[in-house]
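Chain by chain, the residues:
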Amino acid sequence: MISLHRSCFLNNTGISGSSSPFSYKLKKLPPASVKVTALGPNRDRNSSVLIENNNNSLKEIKEDGTSSVADVDPNPTVTGEDRDLYYDAAASDDQLVTPWSLSVASGYSLLRDPHHNKGLAFNEKERDSYYLRGLLPPTVISQELQVKKMMCSIRQYQVPLQKYMAMMDLQLGAIMFPPIIELNERLFYKLLIDNVEELLPVVYTPTVGEACQKYGSIFRRPQGLFISLKEKGKIHEVLRNWPQRDIQVIVVTDGERILGLGDLGCQCLPVTIDVGTNNEQLLNDEFYIGLRRRRATGQARNLIEYAELMHEFMNAVKQNYGEKVLIQFEDFANHNAFDLLAKYGTTHLVFNDDIQAGTGIAELIALEISKQTNMPLEEARKKISLVDSKGLIVKSRIDSLQHFKKPWAHDHEPIKKLVDAVNGIKPTVLIGTSGVGRTFTKEVVEAMAALNEKPIIFSLSNPTSQSECTAEEAYTWSQGRAIFASGSPFDPVEYKGRVFVPGQANNAYIFPGLGLGLIMSGAIRVHDDMLLAASEALAAQVTQENFDKGLIYPPFRNIRKISAHIAASVAAKAYELGLATRQPQPKDLVKYAEHCMYNPAYQSYR
């Protein structure tokens, strides 16, 4: 029994379809040839193997020496949604599937296949069908109980970084969780989904930044691609070294501005463009795994070298994965980030959650003001003032400003200190995205509280150490009147007998739903109106009960529901703007988004 494709399987009676939304007809060759040259260990088990014939048909060679020919149509018959949309997330379907892809049946190998292994959750019938008897203890344990066991094991660690490392060991199939747990990707993601509020601060900010710093030079197995200047001229071939071919989303970084931690070089995945590092500690570290050279930036003499590598990468991605592959630029420094987004935003499906935060936040607020009030965009921008390291951004500084700051240079006298800018501008909302910790001082927060009954204070910089102020500081200095949100999580704060629950405002809310909406609509470009649609959808998920608790974001435990609504709104906007290619438009976009989401529940095997 071997698989021609994740959704097309061969048994000793021919070819049978799976629960996938498409299947092959038995006529001609599949798109890709399948060559298997060895049989598994169960040679007396009526096992078989496919080989390629000279006449381009696939022949099944059985153990008894007989053979049969299976001809497969290269054009799949679509029986549900489009072929290229999450067809592997079939766990939500009721039909049975066969747990092999391009390999001969073997219970021993199945237990070491992270995509299909279920550990002790294999039922009695499956243990008989897939030669698992004796390879597992006799007890059958559900996926839910496996998750419970993992959480008990993880919770024994008190330090978040220790929890993170325990989870990474689990993902890599370490032996720290015997006997219930084995290498198993569905179990790992179900763990995250079922315990998202508790584990998000462990696998995301602030813990992940500390893990990159302390363990970035440990290479255990490829979980992404390292593309360096050494691969210049060969990136197309490098991308083909990655085993999966149906890639829909790529997150890429050059490691220059990771969180608020700065240049971490070649220590962040899934796709790292390694152009060197200016981090002296890494350059002097004998264990550093990246290019040991000064960073090729997008500036001065290195401009051409850097630009050529990125251009080759962007072209190779489209050549390998098609027009609709979504590329997220992550943690690029501003001097490269803005240029990359401007250059490729018109030719590729791209976004950058960092700069489409920052000044991007200001632009989106201005766009929304303009949209709601019919005010010209230039006038709407005047409702928003920006402060950088040199003080208030004003017209008298315009010649020295970076290009992305110039639209925000208003007519105002120069002001150096933030507290003076607050008193001079009299804002209702204070948003921090500087990456510089403790810039919202006691004087600044008190000034906001003096001007507003409910001062809105967002300390969005990550990780926690770089937050502009803490939740406790915001609530205490404002005498419990602040509406507060932060990029990294803070514990609830008790002030004068009342408990305040800080909101967490980071890209984990918006961008998974944005990405899903782009993919499920087949969008070919990202438009600012899509980001506005995502924001409005998120705001609509906040209930009065949330407001009563001081929350301005919905609880993160509902993130899958939230993401489905965001995805639906983004997809609807893509169809409205004529940027969607997946036709016809589904009638119920929310339900369609839920259908497209990955379901980590175990599949039942035939």
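Residues numbered from 1 in each chain as written. Predicted model: local features only at pLDDT ≥ 70, side-chain atom pairs only at ≥ 80, totals over all residues. Heavy atoms only, no water.

1. Side note on the overall build of the chain
Working step 1: In terms of regular secondary structure, the chain is built from 21 helices and 21 strands.
Working step 2: Considering the chain as a whole, with its 606 residues, one finds that 51% of them fall into the buried category.
Working step 3: Of all intrachain contacts in the chain linking residues separated by at least 6 positions in sequence, the fraction that spans at least 24 positions is 64%. (Helix = DSSP H or I, 4+ residues; strand = E, 2+ residues; numbered from the N terminus. Buried < 20%, exposed > 50% of the residue type's maximum accessible area, 1.4 Å probe, protein only. Contact = heavy atoms within 4.5 Å.)

2. With respect to the sheet that holds strand β11 (residues 271-274)
Sheets are built from strands paired through backbone hydrogen bonds, the pairs being either parallel or antiparallel.
Working step 1: Taking strand neighbours across the sheet as the criterion, the five strands line up as β9-β11-β10-β12-β13 in an open arrangement whose pairing is parallel. Each of the sheet's edge strands pairs with one partner strand only, and the pair in question is β9 (225-228) and β13 (349-352). Along the sheet, successive strands turn relative to each other by an average axial angle of 25°, direction set aside.
Working step 2: As paired elements, β9 and β11 share four bridges and run parallel to each other. Across the sheet, L225 pairs through a bridge with V271, a residue of β11.
Working step 3: Strands β12 (326-329) and β13 of the sheet are contacted by helix α11 (residues 334-344), whose axis makes an angle of about 155° with β13.
Working step 4: Strand contacts of helix α17 (residues 507-521): β10 (249-253), β12 and β13, with the helix running at about 170° to β13, the strand carrying the most contacts. (Pairing = 2+ DSSP bridges. Axes fitted to C-alpha atoms, helices over the stretch in contact; angles between N-to-C directions.)

3. As for helix α10 (residues 303-321)
Working step 1: Its 19 residues give α10 an end-to-end C-alpha distance of 27 Å, which sits within 8% of 27 Å, the value for a rise of 1.5 Å per residue.
Working step 2: Along α10, the residues classified as buried are Y306, L309, M310, F313, M314, A316, V317, N320 and Y321. Angularly, the buried residues of α10 cover 165° about the axis, an arc narrow enough to put them on a single face. What points out from α10, more than 90 degrees from its buried face, is the exposed set I304 and Q319.
Working step 3: Following α10 by one or two positions, G322 adopts a phi angle in the positive range, close to 95°. (Expected span 1.5 Å × (residues − 1). Arc of directions from axis to C-beta.)

4. Side note on the packing of aromatic side chains
Working step 1: Under the definition given, this model contains 12 aromatic pairs.
Working step 2: Between F484 and F490, the ring centres sit 6.2 Å apart and the planes meet at 65°, which makes this aromatic pair edge-to-face. Like F490, F484 is buried.
Working step 3: The structure contains a cluster of three or more aromatic residues connected by ring pairs, namely Y475, F484, F490 and F500.
Working step 4: Sitting over the face of the ring of Y605, K118 holds its NZ or CZ atom 4.7 Å from the ring centroid.
Working step 5: Against the face of W408 rests R381, its NZ or CZ located 5.9 Å from the ring centre. (Phe/Tyr/Trp six-rings, centres within 6.5 Å; stacked < 30°, edge-to-face > 60°. Lys NZ or Arg CZ within 6 Å of the ring centre and 35° of its normal.)

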